[in-house]
Amino acid sequence: MTGSPLIGISTYLEAGTRWHVWELEAALLPVGYPRLVQRAGGLAAMLPPDAPERAAATVARLDGLVISGGPDVEPVRYGAEADPRTGPPARERDAWELALIEAALAAGVPLLGVCRGMQLLNVALGGTMTQHIDGHAEVVGVFGHHPVKPVPGTLYAGIVEEETSVPTYHHQAVDRLGAGLIPSAYASDGTVEAVELPSAGGWVLGVQWHPEMAEDVRVMRALVNAARSCSPSGA
């Protein structure tokens, strides 16, 4: 499709994945992510973990980047000891996705962090995490919903003006914001639900919820439109 920007989406490796007669290690991504990119007018490219030193070259081929949701960020990344309720580390994925974020910020490539992706954006910029909160992942393996309210005047509020109910599944949250980040949406309990980086001069947004599990395409469409505007071809 002419004029469709290429949006890379980070994936993760899982051992012992089964399909048909096979049981092998696989690079996985819930299908909601590429489908949402496609519905928003972009071309989706899945990015399996790679050597961090290859992140800049990878990002250079993209018009936009999505860091997907997944396991908890290892607390050592933000100078903390692991809480007993924090999940096992995914060190290879942490290193790769942090490198992708740093490369996207350096190159001015539009960036969207989803759930874990928002948390990694915060950590990449020197922020910290609260390792456990209640009420945002009430049933194991089941997405809940709760309202989020945009902060007037922010990038996010320009995309979604009204309070909306969003699909959510997380037990950690932003504590200290990373350098330059500002909150752009809150849950009713005060949890930061979206962050952005106005000082970057580009399009950088993190959302704590999972837009790929909903019908609302506005956040992803905004990323795709920003990627289209920033692409070298001007497509």
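Residues numbered from 1 in each chain as written. Predicted model: local features only at pLDDT ≥ 70, side-chain atom pairs only at ≥ 80, totals over all residues. Heavy atoms only, no water.

Here the focus is the overall build of the protein. Per the secondary structure count, the protein includes six helices and 13 strands. Rg of the C-alpha trace for the protein: 17 Å, near the compact-globule value of 18 Å for 235 residues, within the 12% margin. Going through the 235 residues of the protein one by one, you find that 50% of them count as buried. In the protein, the proportion of contacts linking residues at least 24 apart, taken out of those at least 6 apart, comes to 68%. For the protein, the computed accessible surface area is about 11,000 Å², with 54% contributed by carbon and sulfur atoms. Considering the protein, the positive charge centre built from 15 side chains and the negative charge centre built from 26 side chains are found 6 Å apart. (Helix = DSSP H or I, 4+ residues; strand = E, 2+ residues; numbered from the N terminus. Rg over C-alpha atoms; globule rule 2.2 N^0.38 Å. Buried < 20%, exposed > 50% of the residue type's maximum accessible area, 1.4 Å probe, protein only. Contact = heavy atoms within 4.5 Å. Areas by Shrake-Rupley, 256 points an atom, 1.4 Å probe, with all protein chains shown as cover. Lys, Arg positive; Asp, Glu negative; His and termini not counted. Charge placed at Lys NZ, Arg CZ, Asp CG, Glu CD.)

Going through the model one piece at a time under the given rule, you end up with one aromatic pair. Centre to centre, the rings of tyrosine 156 and tryptophan 209 are 5.5 Å apart; their planes meet at 65°, and the pair counts as edge-to-face. Of the two residues, tyrosine 156 is situated in helix 5 (residues 155-159) and tryptophan 209 in the loop between strand 13 (204-207) and helix 6 (218-230); the sequence distance between them amounts to 53 residues. (Phe/Tyr/Trp six-rings, centres within 6.5 Å; stacked < 30°, edge-to-face > 60°.)

Two strands pair when backbone bridges link them, and strand 2 (residues 12-19) and strand 3 (residues 22-28) are joined in this way by six bridges, in the antiparallel orientation. Paired with tyrosine 12 across the bridge in strand 3 is leucine 28. (Pairing = 2+ DSSP bridges.)

When the charged atoms of two side chains lie near each other, side chains of opposite charge can form a pair. Under the criterion given, the structure shown has nine salt bridges. The salt bridge involving aspartate 50 is made with arginine 54; its shortest N-O contact spans 2.8 Å. Note on aspartate 50: relative accessible area 29%, which makes it partly exposed. Linking arginine 116 and aspartate 94 is a salt bridge whose minimum nitrogen-to-oxygen distance equals 2.7 Å. Pair noted here: arginine 116 is in helix 4 (residues 116-124) and aspartate 94 is in helix 3 (residues 91-107), with a separation of 22 residues, a long-range link. No difference in accessibility class separates arginine 116 from aspartate 94, as the two residues are buried. (Salt bridge = Lys/Arg side-chain N within 4 Å of Asp/Glu carboxyl O.)

Let us look at the side chain of histidine 210. The topology assignment puts histidine 210 in the loop between strand 13 and helix 6. There is a polar contact of 2.7 Å between the side chain of histidine 210 and the side chain of glutamate 212. Excluding residues within four positions of it along the chain, histidine 210 makes contact with Tyr33, Gly69, Val114, Cys115, Phe143, Pro167 and Tyr169. (Polar contact = N/O pair within 3.5 Å; in protein donor to acceptor, adjacent residues only side chain to side chain.)

Take the nonpolar core next. In this structure, Val66, Leu112, Tyr156, Trp203, Leu205 and Met220 are the most contacted members of the largest nonpolar core, which totals 30 residues. Breaking this core down by element, the ones donating at least two residues are strand 1 (6-10), helix 1 (32-39), strand 6 (111-114), helix 5, strand 13 and helix 6. Top contributing element to this core by residue count: helix 6, with seven residues. If near-sequence neighbours (up to four positions away) are discounted, leucine 112 is found in contact with Leu65, Val66, Ile67, Trp203, Leu205, Val207, Val219, Met220 and Leu223. Core analysis: the next-biggest nonpolar cluster, separate from the first, contains 28 residues, Leu62, Tyr78, Leu111 and Val192 among them. (Core = buried A, V, L, I, M, F, W, Y, C linked by side-chain atoms within 4.5 Å.)

A word on helix 1. Buried within helix 1 we find Gly32, Tyr33, Pro34, Leu36 and Val37. Phi turns positive, to about 100°, at glycine 41, one or two residues after helix 1.

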